[in-house]
Amino acid sequence: MAGEGHKLARELNVWGAIAISVALMAPSMAANINPQGMVGAVGRAIPLTFALATVGVLLVAYTFVRLTQRFNHSGSVYGFVGATLGPRAGVVAGWCLLGTYTFYGVVTATAASRFVLAFLDGTGLWKSPPDALVLVLVPLVLLGVFWLTISPIRLGTRVLLIVEGTTVALILLVALVILVKLVGGSGPSGQGLTLSPFTLASGTGTSAIFLGIVFGFLSFAGFEAAATLGEETKHPRRDIPRAILGTAIFGGVYFVFVTWVEVMGFGTDEQGLTAFQGSGSLFGDLGSQFVGPWLGDIITLGAAVSAFGCALACSVGASRLLFALARDGIAPPALATVSPAKRTPVVAAAVVAVTVLVLEFVLYAVYRPEASVGSPDYVPSSLSVFIASGVIGTLILLVAYVLATVGVSRLLFFSGTRQVAAWEVVVPVLALALLGYTLYKNVVPFPSGLSAVAPLLALLWIVAGVVYVLVARGAAEQAGAKLTVDEGLTTEARETV
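Residue numbers here run from 1 along each chain, matching the order of that chain's written sequence. The predicted origin of the model limits local features to residues at a pLDDT of at least 70 and limits the giving and counting of side-chain atom pairs to 80 or more, whereas totals for whole chains, interfaces and linings rest on all residues. With hydrogens and water set aside, each side-chain value is computed from the structure's full complement of heavy atoms.

Q: I'm lost on the overall build of the protein chain in this one. Help?
A: For the protein chain, the helix and strand inventory stands at 19 helices and zero strands. Burial status across the protein chain gives 57% buried among its 497 residues. For the protein chain, long-range pairs separated by at least 24 residues make up 81% of all intrachain contacts whose partners lie at least 6 apart in sequence. When the accessible surface of the protein chain is summed, it comes to about 19,000 Å², and 67% of that surface belongs to carbon and sulfur atoms. Only DSSP runs of H or I covering at least 4 residues are called helices, and only runs of E covering at least 2 are called strands; the numbering of each starts at the N terminus. Relative accessibility under 20% of the residue-type maximum defines a buried residue, over 50% an exposed one, and the middle range a partly exposed one, all with a 1.4 Å probe and only protein chains included. Residue contacts are counted whenever heavy atoms from the two residues lie within 4.5 Å of one another. For the area figures, the Shrake-Rupley method with a 1.4 Å probe applies, and any residue is considered shielded solely by the protein chains shown.

Q: Would you mind going over the environment of Leu170 with me for this structure?
A: Structurally, Leu170 is set in helix α8 (residues 153-183). Taking relative accessible area as the criterion, Leu170 reaches 21% and is therefore assigned partly exposed. For the pair formed by Leu170 and Ser28, sequence separation is 142 residues and the distance between their alpha carbons is 9.0 Å. Not counting chain neighbours up to four residues away, the residues in contact with Leu170 comprise Ile298 and Ile299.

Q: How do you make sense of unusual backbone geometry when you look at a structure like this?
A: Negative phi values dominate among residues other than glycine, just as trans dominates among peptide bonds. One non-glycine residue, Ser128, lies in the positive phi region at around 50°. Look at Ser128 and you get exposed, because its relative accessible area is 61%.

Q: Sorry, what's going on with the pattern of salt bridges here?
A: Two side chains of opposite charge can pair, provided their charged atoms sit close to one another. A pair is scored as a salt bridge if a Lys or Arg side-chain nitrogen falls within 4 Å of a carboxyl oxygen belonging to Asp or Glu. All told, the structure shown has two salt bridges when counted by the stated rule. One salt bridge in this structure joins Glu424 and Arg66, with 3.0 Å as the shortest N-O distance. Of this pair, Glu424 sits in the loop between α15 (381-413) and α16 (426-443) while Arg66 sits in helix α4 (residues 46-68), and the two are 358 residues apart along the sequence. Exposure class is identical for Glu424 and Arg66. Each is buried. Between Asp131 and Arg114 there is a salt bridge, with the nearest N and O atoms lying 3.9 Å from each other. Of this pair, Asp131 sits in the loop between α6 (87-123) and α7 (134-149) while Arg114 sits in helix α6, and the two are 17 residues apart along the sequence. Overall, Arg114 belongs to the partly exposed group, its relative accessible area being 27%.

Q: It is not clear to me how the side chain of Thr54 should be interpreted in this structure. Could you clarify?
A: With respect to the secondary-structure elements, Thr54 resides in helix α4. Residue classification places Thr54 among the buried positions, given a relative accessible area of 11%. Not counting the four nearest positions on each side in its chain, Thr54 is found in contact with Phe220, Ala248 and Gly252.

Q: Mind showing me how you'd approach the nonpolar core here?
A: A general feature of soluble globular proteins is that nonpolar side chains tend to end up buried together. Only buried Ala, Val, Leu, Ile, Met, Phe, Trp, Tyr and Cys residues count toward a nonpolar core, and they belong to the same one when joined by side-chain atoms within 4.5 Å. Membership of the largest hydrophobic core comes to 142 residues, with the highest contact counts inside it found for Phe223 and Tyr401. Discounting residues that sit within four places of it in the chain, Tyr401 has contacts with Val60, Phe64, Phe217, Ala221, Gly222, Phe223, Glu224 and Leu435.

Q: What am I meant to see in the packing of α6 against helix α17 (residues 453-471) here?
A: For any two helices packed against each other, one specifies the crossing angle of their axes together with the interaxial distance. Think of each axis as a best-fit line through the C-alpha atoms, taken over the contacting stretch in the case of a helix, with angles from 0 to 180 degrees between the N-to-C directions. Look at α6 against α17: their axes get within 9 Å of each other, and the N-to-C directions meet at 150°. Between α6 and α17, the crossing angle belongs to the class labelled roughly antiparallel. Helix-helix and strand crossings are classified by hand; for α6 and α17 the assignment is right-handed. Residues Arg88, Val91, Val92, Trp95, Cys96, Leu98, Gly99 and Phe103 of α6 lie in contact with α17, whose contacting residues are Trp461, Ile462, Ala464, Gly465, Val466, Tyr468, Val469 and Leu470. Small angles under 35 degrees read as roughly parallel and large ones over 145 as roughly antiparallel, with 65 to 115 read as roughly perpendicular and the rest as oblique. Each crossing gets its hand from how the near helix is turned against the far one by less than a right angle, where anticlockwise is left-handed and clockwise is right-handed.

Q: It is not clear to me how the packing of aromatic side chains should be interpreted in this structure. Could you clarify?
A: Ring pairs (aromatic) are described by centroid distance and by the angle formed between their planes. Centre distance within 6.5 Å is the pairing criterion for rings of Phe, Tyr and Trp, where only the six-membered ring of Trp is used; planes under 30 degrees apart are then read as stacked, over 60 as edge-to-face, and the remainder as tilted. In total, this model carries 11 aromatic pairs according to the counting rule given. Where Phe198 meets Trp260, the ring centres are 5.9 Å apart and the plane angle is 55°; that geometry is what we call tilted. With Phe198 in the loop between α8 and α9 (208-219) and Trp260 in helix α10 (residues 236-266), this residue pair connects regions lying 62 residues apart in the sequence. Here Phe198 falls in the partly exposed class, since its relative accessible area comes to 29%. Residue classification places Trp260 among the buried positions, given a relative accessible area of 14%.

Q: I would appreciate a short explanation of the layout of surface pockets in the present structure.
A: The gaps of empty space that remain are located by a probe, the size of a water molecule, rolled over the atoms. Estimated volume of the second largest pocket: approximately 260 Å³. Around the second largest pocket, the lining comprises 16 residues; the ones closest to its centre are Trp95, Leu98, Leu322, Leu325 and Ala331. Elements represented by at least two residues in the lining of the second largest pocket include exactly α6, α13 (293-327), α14 (346-366) and α17. Here a cavity means grid points, on a 1 Å grid over the protein atoms only, where a 1.4 Å probe fits yet cannot get out; a pocket means an open set of points with protein on both sides within 12 Å along at least five of seven lines; lining residues are those with an atom within 4 Å of a point. Grid points are joined across faces, edges and corners, and a volume is the space filled by probe spheres set on the points.

Q: Sorry if this is basic, but what is going on with empty space enclosed by the protein here?
A: Under the counting rule described, the total for this entry stands at one cavity of 30 Å³ or more. Roughly 90 Å³ of volume is contained in the largest cavity. Taken together, 13 residues form the lining of the largest cavity, with Leu142, Val145, Ser315, Val352 and Val356 sitting closest to its centre. When contributions to the lining of the largest cavity are tallied by element, the ones reaching two or more residues are α6, α7, α13 and α14. With four residues, the single largest contributor to the lining of the largest cavity is α14. Ten residue types, Ala, Val, Leu, Ile, Met, Phe, Trp, Tyr, Cys and Pro, are classed as nonpolar, four, Asp, Glu, Lys and Arg, as charged, and the remainder, Gly among them, as polar. Considered class by class, the residues forming the lining of the largest cavity number 10 nonpolar, three polar and no charged.

Q: Looking at this structure, how should I read the state of the cysteines?
A: Here is the idea: a disulfide is a covalent bond, and it sits between the sulfur atoms of two cysteines. Note on terminology: disulfide denotes any pair of cysteine sulfur atoms within 2.5 Å. In the structure shown here, the tally under the stated rule is zero disulfides. Left without a disulfide partner, Cys310 is nearest to the cysteine sulfur of Cys314, which lies 4.5 Å away.

Q: Where do I start with the environment of Val346 in this structure?
A: Relative to the assigned elements, Val346 resides in helix α14. On the basis of relative accessible area, Val346 is assigned to the partly exposed category, the value being 25%. Considered as a pair, Val346 and Phe146 are 200 residues apart in the sequence and their alpha carbons are 8.8 Å apart.

Q: Sorry, what's going on with α17 here?
A: An α-helix turns once per 3.6 residues; consequently, residues spaced three or four apart project the same way. For α17, with 19 residues, the first-to-last C-alpha span of 26 Å sits near the 27 Å given by 1.5 Å per residue. Those residues of α17 lying buried are Ala454, Pro455, Ala458, Trp461, Ile462, Gly465 and Val469. For α17, the buried positions fall inside an angular range of 130° around the axis, keeping them on one side. Structural note: α17 exposes Leu460, Leu470 and Val471 on the side pointing more than 90 degrees away from its buried face. What a helix is expected to span follows from its residue count: subtract one and scale by 1.5 Å. Our arc is simply the arc of the directions from the helix axis toward the C-beta atoms.

Q: Please clarify how the confidence of the model for the protein chain should be interpreted in this entry.
A: Detailed reading of the predicted coordinates is not advisable wherever pLDDT falls low. For the protein chain, per-residue confidence averages 82 on the pLDDT scale, and 87% of positions sit at 70 or higher. A score from 0 to 100, pLDDT tells how confident the predictor is in each residue. The lowest-confidence element of the protein chain is helix α19 (residues 491-494), averaging 43 in pLDDT; the highest-confidence one is α14, averaging 96. For the stretch residues 1-5, pLDDT sits under 50, and the model shows 12 contacts to residues farther than four places along the chain or on other chains. When the criterion is pLDDT under 50, residues 491-497 qualifies, and its contacts beyond four places in sequence or with other chains add up to 12 contacts.

Here you go:
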């Protein structure tokens, strides 16, 4: 392998690969927050929107399944795009995905800290704790994340699977309890079972649902994270594709079911949708209403732990990407150091943790509240940081998806020897249309004021990668030469699918 001696331990099975994809997608955290963003566009039709979004995500999943059936590389799209479109495109793709995982680290560390504040407030342990306490909690979260990131990879993925699995199980259990009560017509406000959330309300145009699909697509971001563990999985060309596809399918079924229950639980009328949109924790509020106040606190605490697990998944993915870039000469060689005892990229993990911490403090300083505490317009800095870093990470991620999809199209259909059925070309074409539309809806019209900070930072991150490969042409070509001899990207490896 390129950079002899820089090898990771190959010890994971398919469940370890699934763990990082599920944890980075963070279905438990997403179920408590993301559906609220759809109400303004699609009203009650949130589960319908997620069903259609699932179709779009499966189109993108096709790209990663086909690539990971042929390649395994800790750099994920860096290696995949480098092998299919060339080293410079590969470096840009890798840089984009590194940015996504880094900014998602800010998202999840902030979310974990905010949920802790909500738990303290809800239980009465600390009524109305100050928002600035987040700046104390985030370093503690990152310290725990760093420790697990540099631990043997089996330990980290096991923690991810347990954390996210437990929280998702709790949400599903609460959803089933709510569903049973709805079937019996015993909702707190007389709510009952209805299929109306799978239809558009009168007056809602069909075009509106595409805005919802955009937001639904963002809820799946990270489902492909297992691709970064290609060098640490025992049977990568079998287990990694299964992990990616399985995570996408699970996410679709899960989101459609829980959002159906959420909408019914709050009510499909205007009053119910208003309460839905203003909820601080969707399942926290539903648990309190349908079961008891204590359950809301448990779910909030579970969401905090889930966010921690997602932060760990971000750290694992980012450190492996940084390791791969350093191994091939794109980043300082020290970042390719692997601990002899732990067999993990310790230096790269430390750099990721410090970068996330710096971004947290910088963004917190930028997004100062424009209204005083107690005002209806007050937005705490930590919430603004959460939203902004999520937007930045997602916009960058979509560019990486585009490059990967173009790469798989070239590999399968335009490389001289067609490797799959001709009709399959429809899948990446549809995926590119979806990705292009998603990017368009996020930047047009371009926001102003503080709202412009996030897309501008995303653009700067992408431009930095492009400028690097244009200026440091030699380094990019050298990386390309190393990629061609990596055991996960060689011609021989591709033929052993």
